[in-house]
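# Structure assessment
The primary structure of each chain is shown beneath.
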Amino acid sequence: MNSTDFEKLQQLLQHPKKIVVVPHKNPDGDALGASLALYLFLKTDGHEVSVVSPNDYPDFLKWMPGEKEVVKFDQEKKRGEELVKGAELIFTLDFNHLSRIGELEKYLEAATADFVMIDHHQQPGDYADFIESDVEMSSTAQMIYHFIERMDRLEDLTPKIATCLYTGIMTDTGSFRFASTTSKTHRVIADLMDHGAKNAAIHQQVYDTNSLDKLHLLGRALQNLKVEKEFNTAYISLSQDELDAHNFKKGDTEGFVNYALSLKGTVFAAIFIENKQEKIIKISLRSKGNFDVNEFARTHFNGGGHKNAAGGKSEKNLEETVKNFIAILPRYKTELT
């Protein structure tokens, strides 16, 4: 966002507005953390703010400050519709195409509000009046920190805001181990801790709340792990029956794909998860080095994301999707080996 647009946005925010903050469908720690942080920050200026999430999210995110006020569109459609319709300003966070918000898309398309996009994924759309896009940034939560910094308002970071931002950055950087974690990211994290974010407690809330069913499901996933050595690729598949047998809950497979990527010699990893309700196979892709899974997902699986972390979907059945994936690999042999 150039200085002229930023000044215009600041002017819009000088007086109380009806504001809606929207994360992407199936929000992760970054999308929800960034949204709640911005929600809490804007409320300090007297704005009438609501977070409208396209749908529900994992239980391990439901402890965050302000979470109880989130309107889940799939459960409170009428209220969500009214909020979007009445909004004067809509912030869309951690996504850059309205197709990422499911049924909520048509209501945002009909909205008369000004739009602000803050996102770090590649190839942003042009639906927003104000666009802050930085593919080099570790997370949207870090972008919200810099947004507040640019407004010269870091002194207004409360422990609650700092906690939400820390959570978003921590989850989207794999606890600060991904390549997107820069020295600047660490300086931001240090400042958030100085403003009251309790790092050990946050880590425990997110990562140390596993159920026995989830751990057994992880065991099943690891049993299903397969390797295509010729292409330095590993993948996991989980059927709906396997999910049901382990009482699957939203978020239970979070991070499973990283176990495949951790296998020695692996450059490319994938997990295929059957979702019979949506009649799709959900796909998560991860890579090391220069192999671009964003481009791979966009080309073959109607998805996208980052260079080393992306997602997609397939409308074929699980077996056909995996076969298709394996059949594609020879095209990338040079990049993978």
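Presented here is a report on the structure given in the accompanying data block. Note that the structure is a prediction, hence the values are computed from the model and not measured.

What follows concerns the sheet that holds strand 2 (residues 48-53). As summarised here, the arrangement of the 6 strands in space is 3-2-1-4-5-6, forming an open sheet in which the pairing is parallel. Among the strands making up the open sheet, the edge pair consists of strand 3 (71-72) and strand 6 (130-133). Pairing of strand 5 (residues 114-119) with strand 6, which is carried by 4 bridges, proceeds in the parallel orientation. Following the sheet pairing, Val116 is matched in strand 6 by Phe130. Contacts from helix 1 (residues 3-12) reach strand 4 (89-93), strand 5 and strand 6 within the one sheet, and its direction differs from that of strand 6 by about 120°.

Right, let's talk about helix 7 (residues 183-194) for a bit. In this model helix 7 runs 17 Å from its N-terminal to its C-terminal C-alpha over 12 residues, within 8% of the 16 Å that 1.5 Å per residue would give. Buried residues of helix 7: Thr185, Val188, Ile189, Asp191 and Leu192, and no others. Seen end-on, helix 7 carries its buried residues on one side only, within an arc spanning 160°. Residues of helix 7 that are exposed and point over 90 degrees away from its buried face: Arg187 and Asp194. Each element contacted by the buried residues of helix 7 is listed here: helix 5 (140-150) and helix 6 (159-172).

Across the sheet, 6 strands lie side by side as 7-8-9-10-12-11; this open sheet has mixed pairing. Only two strands of the sheet have a single neighbouring strand rather than two, namely strand 7 (226-228) and strand 11 (304-305).

What follows covers the nonpolar core. Membership of the largest hydrophobic core comes to 51 residues, with the highest contact counts inside it found for Phe91, Phe147, Leu165 and Leu192. With 9 residues, helix 2 (residues 29-43) is the largest single contributor of residues to this core. Apart from the residues within four sequence positions on either side, Phe91 is in contact with Ile19, Val20, Val21, Val22, Leu38, Leu42, Val116, Ile118 and Phe147. Within the second largest apolar cluster, 22 residues are counted, among which are Phe268, Phe272, Ala310 and Phe325.

With that settled, consider the packing of helix 2 against helix 6. Contact pair helix 2 / helix 6: the axes reach a minimum separation of 7 Å and the direction vectors enclose 160°. Our classification of the angle between helix 2 and helix 6 gives roughly antiparallel. Once helix 2 is placed against helix 6, the crossing between them reads as left-handed. Residues Gly29, Asp30, Gly33, Leu36, Ala37, Leu40 and Phe41 of helix 2 touch helix 6, and the partners they reach there are Lys160, Ile161, Cys164, Leu165, Thr167, Gly168, Thr171 and Asp172. In terms of residue class, the contact of helix 2 with helix 6 is made up of 7 nonpolar, 5 polar and 3 charged.

About the thresholds
- Residues numbered from 1 in each chain as written.
- Predicted model: local features only at pLDDT ≥ 70, side-chain atom pairs only at ≥ 80, totals over all residues.
- Heavy atoms only, no water.
- Pairing = 2+ DSSP bridges.
- Helix = DSSP H or I, 4+ residues; strand = E, 2+ residues; numbered from the N terminus.
- Contact = heavy atoms within 4.5 Å.
- Axes fitted to C-alpha atoms, helices over the stretch in contact; angles between N-to-C directions.
- Expected span 1.5 Å × (residues − 1).
- Buried < 20%, exposed > 50% of the residue type's maximum accessible area, 1.4 Å probe, protein only.
- Arc of directions from axis to C-beta.
- Core = buried A, V, L, I, M, F, W, Y, C linked by side-chain atoms within 4.5 Å.
- Parallel < 35°, antiparallel > 145°, perpendicular 65-115°, else oblique.
- Left-handed = near helix turned anticlockwise from the far one by under 90°.
- Nonpolar A, V, L, I, M, F, W, Y, C, P; charged D, E, K, R; others polar.

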